[in-house]
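Listed below, chain by chain, are the residues.
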Amino acid sequence: MNREQLLLYFIMGTNNSAGSPLRVLTNAIEGGVTCFQFREKGQGALEGAEKEQAARDMQAICRKHGVPFIVNDDIELALELQADGIHVGQDDESIEAVRKKCPDYMIVGVSAKTVNEAAQAQKQGADYIGTGPMFSTTTKADAKSPIGPGAITELRENGIDLPVVGIGGIKKENASEVIRAGADGVSVISSISMDEDPKQAARLLKNQLT
Ligand SMILES: Cc1ncsc1CCOP(=O)(O)O
Ligand SMILES: C=C1C=NC(C)=NC1=N
Ligand SMILES: [Mg+2]
């Protein structure tokens, strides 16, 4: 995984989009999204065969545009689809457990917010970490209180040199703050997925990152 791929890391599930999820994803990619994560979770999330079909449809769109397709939490689904990667949280399976199950080419991302969690992730061979919530968010129902971009600076000051994306409440007005704090990219759900023009939303966000 090279760091540039993490610059604008879009995440969505079928329950995060106002319009058709496939149209939203296509538009977001045309607007400059550099990486995508399928995260089917929370109120109204699909399960079983429907979830798998939605994932396959989104994977096809990512493949067509050369955008990495990463699956949140669901290792079996990631393996079934031969996804480009998997993202796990601190309360999901350990990185070594994931690495044992997954082929070497797969990207393994981990949520980590403290220096200790990040150092563990680095030691166990994570390809990147997601740190947040940067700002307040309503998308993740059980999100803890915001830790701010300073948390990323703290990681950098303590020798964490893994690729890092900030996540949580990120929009065009605050995205540059996350990059200035030392992140390689920003991870975004609603400020793209709920915008009536996801392509423009992605483009305007991306303009703030470089
Ligand atoms: C998955 C996740 N992890 C920390 S905050 C969050 C939700 C991010 O959603 P949004 O970009 O809409 O705030
Ligand atoms: C919780 C998360 C944190 N970071 C990323 C990149 N994805 C997630 N699902
Ligand atoms: Mg998880």
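Residues numbered from 1 in each chain as written. Chains lettered and ligands numbered in written order. Predicted model: local features only at pLDDT ≥ 70, side-chain atom pairs only at ≥ 80, totals over all residues. Heavy atoms only, no water.

- The name recorded for the protein chain in an unreviewed UniProt entry is Thiamine-phosphate synthase, from Alteribacillus persepolensis.
- Regarding the protein chain, the UniProt comment filed under Sequence similarities (unreviewed entry) reads as follows: "Belongs to the thiamine-phosphate synthase family." (UniProt positions renumbered as here; feature names shortened; annotations may be inferred.)

### A word on the overall build of the protein chain
Okay, so step 1: For the protein chain, the count of helices and strands is nine helices and eight strands.
Okay, so step 2: Its C-alpha atoms give the protein chain a radius of gyration of 16 Å, near enough to 17 Å, the size a compact globule of 210 residues would have.
Okay, so step 3: Seen along its three principal axes, the alpha-carbon backbone of the protein chain occupies a region of about 40 × 40 × 30 Å.
Okay, so step 4: Relative to its 210 residues, the protein chain shows a buried fraction of 47%.
Okay, so step 5: Accessible surface for the protein chain amounts to roughly 9,700 Å². Of this, 47% is attributable to carbon and sulfur atoms.
Okay, so step 6: Charged side chains in the protein chain number 22 positive and 29 negative. The centres of these two groups are separated by 3 Å. (Helix = DSSP H or I, 4+ residues; strand = E, 2+ residues; numbered from the N terminus. Rg over C-alpha atoms; globule rule 2.2 N^0.38 Å. Buried < 20%, exposed > 50% of the residue type's maximum accessible area, 1.4 Å probe, protein only. Areas by Shrake-Rupley, 256 points an atom, 1.4 Å probe, with all protein chains shown as cover. Lys, Arg positive; Asp, Glu negative; His and termini not counted. Charge placed at Lys NZ, Arg CZ, Asp CG, Glu CD.)

### Quick word on the site of ligand 1
Okay, so step 1: Neighbouring residues of ligand 1: Arg39, Thr137, Thr139, Lys140, Ile167, Gly168, Gly169, Val188, Ile189 and Ser190.
Okay, so step 2: Ser190 has a polar side-chain atom sitting 2.5 Å from an oxygen atom of ligand 1.
Okay, so step 3: Look at ligand 1: alone it shows 380 Å² of surface, and the protein chains cover 92% of it.
Okay, so step 4: Residue composition of the shell around ligand 1, by class: three nonpolar, five polar and two charged. (Near = heavy atom within 4 Å. Polar contact = N/O pair within 3.5 Å; in protein donor to acceptor, adjacent residues only side chain to side chain. Nonpolar A, V, L, I, M, F, W, Y, C, P; charged D, E, K, R; others polar.)

### Digging into the coordination of the magnesium ion (ligand 3)
Okay, so step 1: Every protein donor of the magnesium ion (ligand 3) is listed here as Asp73 (OD) and Asp92 (OD), and their distances to the metal cover 2.1 to 2.3 Å. A residue pair is termed long-range when its members are at least 10 positions apart, and Asp73 in the loop between β3 (69-72) and α3 (75-81) and Asp92 in the loop between β4 (85-88) and α4 (95-101) qualify at 19 residues.
Okay, so step 2: Overall, Asp73 belongs to the partly exposed group, its relative accessible area being 24%.
Okay, so step 3: Judged by relative accessible area, Asp92 falls into the partly exposed class, the value being 27%. (Donors = N, O, S within 2.8 Å, 3.2 Å for Na, K, Ca; no water.)

### With respect to the UniProt feature "domain: Thiamine phosphate synthase/TenI" (unreviewed entry) in the protein chain
Okay, so step 1: Here, the residues flagged by UniProt with the feature "domain: Thiamine phosphate synthase/TenI" (unreviewed entry) are residues 8-192.
Okay, so step 2: Strand forms 18% of residues 8-192 and helix 37%; the C-alpha atoms that close the span are 11 Å apart.

### Quick look at the pattern of salt bridges
Okay, so step 1: Counting across every chain of the model gives 11 salt bridges.
Okay, so step 2: We note a salt bridge from Asp142 to Lys140, for which the minimum N-O separation is 3.6 Å.
Okay, so step 3: Note that Glu173 and Lys172 form a salt bridge whose closest N and O atoms lie 3.2 Å from each other.
Okay, so step 4: The network of salt bridges with common partners includes Arg3, Arg156 and Asp184. (Salt bridge = Lys/Arg side-chain N within 4 Å of Asp/Glu carboxyl O.)

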